[in-house]
Amino acid sequence: MLMSPKMIEFMDACRAISDESGLRDVLRDMTGELGFNQYALLHHVDLAHPPAHSITLMGYEDGWMERIIRNRYFQDDPILAASNRRLTGFGWREVSEIIRLSRRQRRILHEARAHGLRDGFTVPVQVAGEFRGTCSFASDHPVELTADIIGSAQLVGTFCFEAARRITNLASGSPSKIPELTQRQLDCLVHVGSGKTSWETSVILGVSEDTVDKHISSAMERYGVGKRTLLVVRALFDGQLSYRDMLRLH
């Protein structure tokens, strides 16, 4: 799915989204395509009294959402706690290896299983100056996390979070400005976005690996992001990159 017409369709749909309802529909569809049946896209804030312009888009069972709010489970949620220790996506079966689970956190995981949250994958999202966030995909049965599923979930989660972020910014009257990237930065980014390493990109472009890293680092600084995945998503969302161009490289 990572490099497929379905992913192009998803990205085109995300760019056309103008409200929360549209994003819910797209996220619900892609959650199923990935092999999951529930989702949660949110900032790590007090979910009982979320701050203005924070993002909360929940596709969990109503009963579990009520329990989360009533018992303030979001304060100790082991998935959110684990995401604070990771820069990239992780399977829920890894959580006990990422953090030391407290008795309360073990109880949260146990209770969640009764609401169809038996397995899942979470994508951490962190942007300087903004609330830390995550996009999680959950299932009521074990899911085989292949390389394609992991890569696709990482992209879908980051892309949907960016769509939600832009909807929120528009609602607050502060739309994001598009940073200007140089042609050389874009040349490097299209190859990195298609899955090439810095070394592979350097060979293709006939420059040094260090030069590729400098171009990518400079582009990340212009966008104010700390991960290449988020940089690619932002550039795709802004129309500076074409997913079709990356698809043709495969």
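Please read all numbers here as calculations on a predicted model, not as lab measurements.

(A) Main features of the overall build of the protein chain. Broken down by element type, the protein chain carries twelve helices and five strands. For 250 residues, the compact-globule formula gives about 18 Å, and the C-alpha radius of gyration of the protein chain, at 18 Å, lands near that figure. Taken along its principal axes, the extent of the C-alpha atoms in the protein chain is 55 × 40 × 30 Å. Of all 250 residues assigned to the protein chain, the portion counted as buried reaches 48%. Counted over contacts in the protein chain with a minimum sequence separation of 6, partners at least 24 positions apart contribute 66%. Accessible surface, the protein chain: about 12000 Å² in total, of which carbon and sulfur atoms supply 50%.

(B) Expanded view of the packing of helix H8 (residues 183-193) against helix H10 (residues 209-223). Where H8 meets H10, the axes come as close as 9 Å, and the angle between the chain directions of the two elements is 100°. Judged by the angle between their axes, H8 and H10 are roughly perpendicular. Contact residues: H8 offers Arg184, Gln185, Cys188, Leu189 and Val192, while H10 offers Val212, His215, Ile216, Ser218, Ala219 and Arg222. For the contact of H8 with H10, the class distribution of residues is six nonpolar, three polar and two charged.

(C) Main features of the pairing of strand E5 (residues 133-139). Taking burial as the measure, the seven residues of E5 include seven buried ones, the bulk of the element. The alternating pattern of E5 places Gly133, Cys135, Phe137 and Ser139 on one face and Thr134, Ser136 and Ala138 on the opposite face, and all of these are buried. Across seven bridges, the pairing between strand E4 (residues 119-125) and E5 is antiparallel. Of the residues in E5, the one forming a bridge with Phe121 is Phe137.

(D) A look at the environment of Arg67. Its place among the elements puts Arg67 in helix H3 (residues 62-70). Sequence-wise, Arg67 and Ile17 are 50 residues apart; in three dimensions their C-alpha atoms are separated by 30 Å. The residues touching Arg67, leaving out its near neighbours within four places in the chain, are Arg72, Tyr73, Glu111 and His115.

(E) Focus on the nonpolar core. By size, the foremost hydrophobic cluster in this structure holds 55 residues, and its most contacted members are Phe10, Cys14, Leu41 and Phe137. Counting residues per element, this core draws most heavily on helix H7 (residues 147-171), at ten residues. Residues Val45, Tyr73, Trp92 and Ala138 belong to the second largest nonpolar core, which totals 23 residues.

(F) Layout of the side chain of Asp238. Of note, Asp238 is situated in the loop between helix H11 (228-237) and helix H12 (243-248). If we ignore the near neighbours within four places in the chain, the residues touching Asp238 are Arg166, Ile178, Pro179 and Tyr223.

(G) Layout of helix H2 (residues 20-33). Across its 14 residues, H2 extends 20 Å between first and last C-alpha, which sits within 8% of the 20 Å expected from 1.5 Å per residue. Burial in H2 covers these residues: Leu23, Val26, Leu27, Met30 and Thr31. Down the axis of H2, the buried side of the element spans an arc of 135°, and every buried residue falls inside it. Of the residues flanking the end of H2, it is Gly35, one or two places downstream, whose phi is positive at about 100°.

(H) Focus on helix H9 (residues 198-205). Regarding H9, the residues found buried are Ser198, Thr201, Ser202 and Leu205. Buried residues of H9, seen end-on, are gathered within an arc of 100° and therefore sit on one face of the element. Facing away from the buried side of H9, by more than 90 degrees, are the exposed residues Trp199 and Val203. For H9, the secondary structure elements touched by its buried residues are H8, H10 and H11. Phi for Gly206, located one or two positions after H9, is positive at around 75°.

(I) Here's a closer look at the sheet that holds strand E2 (residues 56-58). Pairing within the open sheet is antiparallel, and its five strands lie in the order E2-E1-E5-E4-E3. Looking at the sheet topology across the chains shown, the edges are occupied by E2 and strand E3 (90-91).

(J) Region of interest: the pairing of strand E1 (residues 38-43). Most of E1 sits inside the fold, with six of its six residues counted as buried. Both faces of E1 are covered, namely the face carrying Gln38, Ala40 and Leu42 and the face carrying Tyr39, Leu41 and His43. Inspection of the sheet shows E1 paired to E5 by six bridges, in the antiparallel sense. If you follow Leu41 over to E5, its bridge partner there is Cys135.

What counts as what
Residues numbered from 1 in each chain as written. Predicted model: local features only at pLDDT ≥ 70, side-chain atom pairs only at ≥ 80, totals over all residues. Heavy atoms only, no water. Helix = DSSP H or I, 4+ residues; strand = E, 2+ residues; numbered from the N terminus. Rg over C-alpha atoms; globule rule 2.2 N^0.38 Å. Buried < 20%, exposed > 50% of the residue type's maximum accessible area, 1.4 Å probe, protein only. Contact = heavy atoms within 4.5 Å. Areas by Shrake-Rupley, 256 points an atom, 1.4 Å probe, with all protein chains shown as cover. Axes fitted to C-alpha atoms, helices over the stretch in contact; angles between N-to-C directions. Parallel < 35°, antiparallel > 145°, perpendicular 65-115°, else oblique. Nonpolar A, V, L, I, M, F, W, Y, C, P; charged D, E, K, R; others polar. Pairing = 2+ DSSP bridges. Core = buried A, V, L, I, M, F, W, Y, C linked by side-chain atoms within 4.5 Å. Expected span 1.5 Å × (residues − 1). Arc of directions from axis to C-beta.

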